[in-house]
Structures are given as structure tokens and as C-alpha cells.
Amino acid sequence: MRPETIAIHAGSQAEGLTGAIVPPIYQTSTYQQQGIGDHKGFIYTRTGNPSRSLLEESLAAIEGAQHALCFASGMAAINTVVQSLKSGDHVLCPASVYGGTFRLLSNVYDRFGIEVSFVEMADLEAVRAALRPNTAVLWLETPTNPLLGVCDIAELAALARSKGILTVVDNTFATPIFQRPLELGVDLVVHSTTKYLGGHLDVLGGALLCNDDALFAKLKFLQNAVGAVQAPFDAWLIQRGLKTVGLRVRQQASSAHAIAEWLESHPRVRRVHYPGLASHPQHAIAAKQMSGFGGVLSFELEGVAEDAERLVASTQLFALGESLGGVRSLACIPAKQTHASMTQEARDRAGISDTLVRLAVGLEHPQDLIEDLEQALASVPSVAAVMR
Ligand code: PLP
């Protein structure tokens with residue numbers, strides 16, 4: 001079965017008592033036991049909850065994984081992966097990685113002796129050179145947030161495997177509809193289910209997916225020990241969103257592609273970052289490993305920082321906001337918002353300028369979105385653009 005069908009059927013068995021076609025929300029913290037050690041598979045909601053289990057069943061089936069674990073947020077899922085490491089381990093990350101992942105590794109785990117360094121993942125030789133004897137994790141995010149950089153998942157997973165290094169892919173931007181990292185040799189997939197999988201900008205969540213039983217057992221132990229689990233109602237909301245993920249992301253990708261092409265020919269736009277464009281430096285890799293290019297793009301505005309700020313304040317359909325993957329379109333300035341926790345040096349190294357604008361395309365009509373951008377761009381006539 002294809003992921004679209006699985007998204008509707010997996011983890012959605014009719015409830016036994018009444019036949020309710022949608023499983024109820026198991027809004028309970030604990031369970032009545034028949035005797036000590038005699039229970040129906042659930043003991044306490046931090047350890048397990050049917051609403052969470054059903055979502056985990058759906059996500060695992062859609063991603064083609066044996067196991068899934070759901071967390072209170074994407075960062076809670078990422079944190080659990082880092083907590084599986086030990087002092088002295090090294091994590092190699094993309095230079096342009098989500099700001100929250102950068103912050104967690106650079107400003108939290110530095111105090112626990114976990115080393116992190118950053119490299120351009122599209123450059124295989126640079127990755128090879130950046131590996132250390134103590135590298136425990138090769139962290140991949142592809143496409144990256146916010147520059148939409150793409151790396152070759154299969155090639156990097158093979159390199160890591162040959163050295164006994166765990167490969168993790170943050171698959172949030174691509175979704176399992178467009179990209180299947182486990183089938184490309186990756187050990188662990190991370191999602192912020194807050195984004196496309198939930199899809200409605202009304203819930204936070206995170207997930208880990210893998211095939212290896214021992215890795216799953218280690219992460220499951222940590223999930224229960226640490227406790228950043230997904231609440232039952234939130235799990236139910238994400239599962240509700242999941243049923244339409246295929247339809248949503250295909251429309252979002254088609255609209256994002258149209259917007260990217262339109263922006264590319266706009267005189268006030270210096271450069272557009274979207275893996276579906278032939279001008280994208282890793283377009284061939286994206287075309288090889290993705291079946292769609294996603295609903296996020298970013299572009300460099302011709303002008304100064306104030307122009308970019310004026311632009312995102314002038315859009316009417318694109319709300320100024322820091323998320324993506326939802327039904328409503330959002331715009332932001334990564335340097336000032338989503339990636340503000342990066343140092344200036346790290347932003348410069350990654351190429352995240354003050355005039356970079358990120359667009360998360362929603363489900364409005366693409367022509368209405370283009371017209372919104374057109375009027376917003378017209379309202380910011382920068383000196384540089386006018387003089388061209
Ligand atoms: N990974 C990526 C690529 C993200 O964009 C985000 C959030 O924007 C996260 C992880 C963190 O997810 P959450 O906000 O659900 O904690």
C-alpha cells in the first residue's frame with residue numbers, strides 16, 4: 001500500500017466497545033490493573049497510552065519503520081537522541097541546521113561534554129575530513145532549514161555505516177511522502193510532527209522512527225525515564241492531520257514550486273533557494289532521492305535588512321510566523337527569528353543573511369499567494385533594486 005492509504009488506515013481500527021470509526025482520545029493518566037502485574041498492556045501514561053500507541057502505529061507504517069516513538073515536540077524527540085550519547089561523543093551536523101538543534105547541541109550539551117561541529121553536508125570530502133575518532137552521530141537535515149540545502153542521504157549513510165557511526169535524518173521538511181531515509185540506509189528518522197504531519201498549526205509533537213530493535217529499546221527507555229511524551233489529545237490531533245498529509249504536501253509543493261519560479265524572475269529577488277529549481281546546486285540529488293520538493297522555500301531580497309523586515313510586515317496572506325507545514329502560509333526572517341539562537345559567525349558560515357526571507361507555503365490558492373508577494377515586494381523599493 002502507498003503512504004496515502006496507510007495514513008488513513010494504519011492505527012485507525014474501529015473501537016471495540018461501540019464501533020466508533022475514529023478511536024476515542026484516551027485522556028487518562030493511569031489504568032486500573034486486575035492484580036499486581038496483571039493489566040491490559042497499559043500501566044501509566046508516561047510509559048504508554050493508547051492514543052499515543054495508535055499514532056506511533058500510523059507513523060511507523062507511513063515511514064516504513066518497524067518502530068515509532070512520539071514526543072511532546074520535535075525538540076523533545078531530538079533531545080532524546082542526544083541523551084542516548086555519552087560524555088566525550090561527537091555529533092557532526094549540517095552548517096545550516098534548524099536553530100533549535102544548533103542551540104541544543106551548542107548551548108546545552110556542551111556542558112555535558114558532548115562535542116558538536118558543523119560542516120557542509122553536500123560536500124562529501126568535507127564530511128569525511130570532519131569526522132573524528134569519537135564521532136557517534138552523523139546528523140542530517142535535508143532539505144535544511146532555512147536554506148533548503150540537500151545532501152546525498154544514501155552516500156552519507158554508507159560512509160557513516162562503514163565507520164560504525166549512527167546516521168540520523170531530520171525528515172521534517174520532506175515528510176515520508178516525499179523522502180524515505182530508512183530505505184536509503186539511515187538508522188533513525190526524526191520529525192517535528194508539529195509541521196506537515198500535524199499540518200494545521202494547532203499542535204506540537206515530535207517522533208523518532210527506526211528499524212533496529214536495540215536502538216528502539218534504548219530510546220523507549222529514555223522516553224519513559226525522561227518523560228517528554230506526547231499527550232493523548234495532541235496525539236489524536238496529529239493523527240487526524242496525518243490522514244490528509246499526502247493531499248496537503250502535494251498541493252503545497254506544487255504551489256511552492258510555482259512561487260519559487262515566479263520569484264526567480266522578480267527583479268528585487270537576488271536568489272531563490274528551492275530544491276525543485278534547476279538552479280538549485282543540489283537539484284540532481286534532490287530529484288534522485290525525493291519524489292517531491294516540499295512546501296518551503298527561501299529567497300535573498302535585493303536590499304538591506306530593513307527591506308526584508310518591511311516585506312514580511314506587508315504580506316497579507318503570509319502571516320509573520322515561525323513555523324511551517326500548516327494549512328496557512330507563513331513568512332519569517334530566519335536571522336531574526338527561527339535562527340536567532342545561532343551566533344552571527346555560525347549564521348555567516350551557513351549563509352543565513354539578514355535579507356533572507358523564508359516562506360512556508362500553505363493551502364491558499366497559489367495565484368493569491370503570488371499576488372500577495374507581488375504587492376508586498378512592490379511596497380519595499382530598496383535603493384539597490386531601483387538602481388538596477
Ligand atoms: N526540526 C526542524 C527541521 C524544525 O524546523 C523544527 C522546528 O521548527 C524542529 C525540528 C523542532 O520541532 P518542534 O518545534 O516541534 O520542537
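Higher on the page you've got the structure.
All of these numbers come straight from a predicted model, not from anything done at the bench. (Residues numbered from 1 in each chain as written. Predicted model: local features only at pLDDT ≥ 70, side-chain atom pairs only at ≥ 80, totals over all residues. Heavy atoms only, no water.)

J.: Residues and numbers for the overall build of the protein chain, please.
T.: Tallying secondary structure elements over the protein chain gives 15 helices and twelve strands in all. With the C-alpha coordinates of the protein chain rotated into their principal frame, the extents come out at 80 × 50 × 35 Å. Here the protein chain, with 388 residues, has 57% of them falling under the buried criterion. The long-range fraction of contacts in the protein chain, counting pairs at least 24 apart against all pairs at least 6 apart in sequence, stands at 72%. When the accessible surface of the protein chain is summed, it comes to about 15,900 Å², and 55% of that surface belongs to carbon and sulfur atoms. Taken together, the 30 basic and 38 acidic charged side chains of the protein chain have centroids lying 4 Å from each other. (Helix = DSSP H or I, 4+ residues; strand = E, 2+ residues; numbered from the N terminus. Buried < 20%, exposed > 50% of the residue type's maximum accessible area, 1.4 Å probe, protein only. Contact = heavy atoms within 4.5 Å. Areas by Shrake-Rupley, 256 points an atom, 1.4 Å probe, with all protein chains shown as cover. Lys, Arg positive; Asp, Glu negative; His and termini not counted. Charge placed at Lys NZ, Arg CZ, Asp CG, Glu CD.)

J.: With reference to specific residues and values, describe the site of the ligand.
T.: The environment of the ligand is made up of 14 residues, and the closest members are Met 75, Asp 170, Ser 192, Thr 194 and Lys 195. Within the contact set of the ligand, a nitrogen atom lies 2.6 Å away from a side-chain nitrogen or oxygen of Asp 170. Contact distances for the ligand include 2.6 Å between an oxygen atom and a side-chain N or O atom of Thr 194. Contact with the protein chains removes 91% of the 390 Å² of surface that the ligand exposes when unbound. A class-by-class count of the residues in the shell around the ligand yields four nonpolar, seven polar and three charged. (Near = heavy atom within 4 Å. Polar contact = N/O pair within 3.5 Å; in protein donor to acceptor, adjacent residues only side chain to side chain. Nonpolar A, V, L, I, M, F, W, Y, C, P; charged D, E, K, R; others polar.)

J.: So, the pattern of salt bridges: which residues are in play, and what are the values?
T.: Summed over all chains, the structure comprises twelve salt bridges. In this structure, the salt-bridge partner of Arg 180 is Glu 183, at a minimum N-O distance of 3.2 Å. (Salt bridge = Lys/Arg side-chain N within 4 Å of Asp/Glu carboxyl O.)

J.: I'd like a rundown of the sheet that holds strand β4 (residues 135–141), residues and numbers included.
T.: Taken together, seven strands build an open sheet; the order of strands is β1-β7-β6-β5-β4-β2-β3 and the sheet is mixed. One side of each edge strand has no neighbouring strand; the edge strands of this open sheet are β1 (67–71) and β3 (115–119). Each strand axis lies, on average, 20° off the axis of its neighbour in the sheet, ignoring direction. Summarising the sheet, β1 and strand β7 (residues 206–210) pair through five bridges and their orientation is antiparallel. Counted as the bridge partner of Leu 69 is Leu 208 from β7. On top of the sheet, helix α4 (residues 99–107) reaches β2 (90–94), β3 and β4; it is set at about 140° to β3, its chief contact. (Pairing = 2+ DSSP bridges. Axes fitted to C-alpha atoms, helices over the stretch in contact; angles between N-to-C directions.)

J.: Now, about the packing of helix α10 (residues 245–264) against helix α14 (residues 366–378): what can you tell me, with residues and values included?
T.: The geometry of α10 relative to α14 is characterised by a closest axis approach of 10 Å and an angle of 35° between their N-to-C directions. In the packing of α10 onto α14, the handedness of the crossing is right-handed. Contact with α10, carried on its side by Gln 251, Ser 255, Ala 258, Ile 259, Trp 262 and Leu 263, involves Pro 366, Leu 369, Ile 370, Leu 373, Glu 374 and Leu 377 of α14 and no other residues of that element. Along the lines of polarity and charge, the residues of the contact of α10 with α14 split into nine nonpolar, two polar and one charged. (Left-handed = near helix turned anticlockwise from the far one by under 90°.)

The analysis is restricted to geometry; functional conclusions fall outside its scope.
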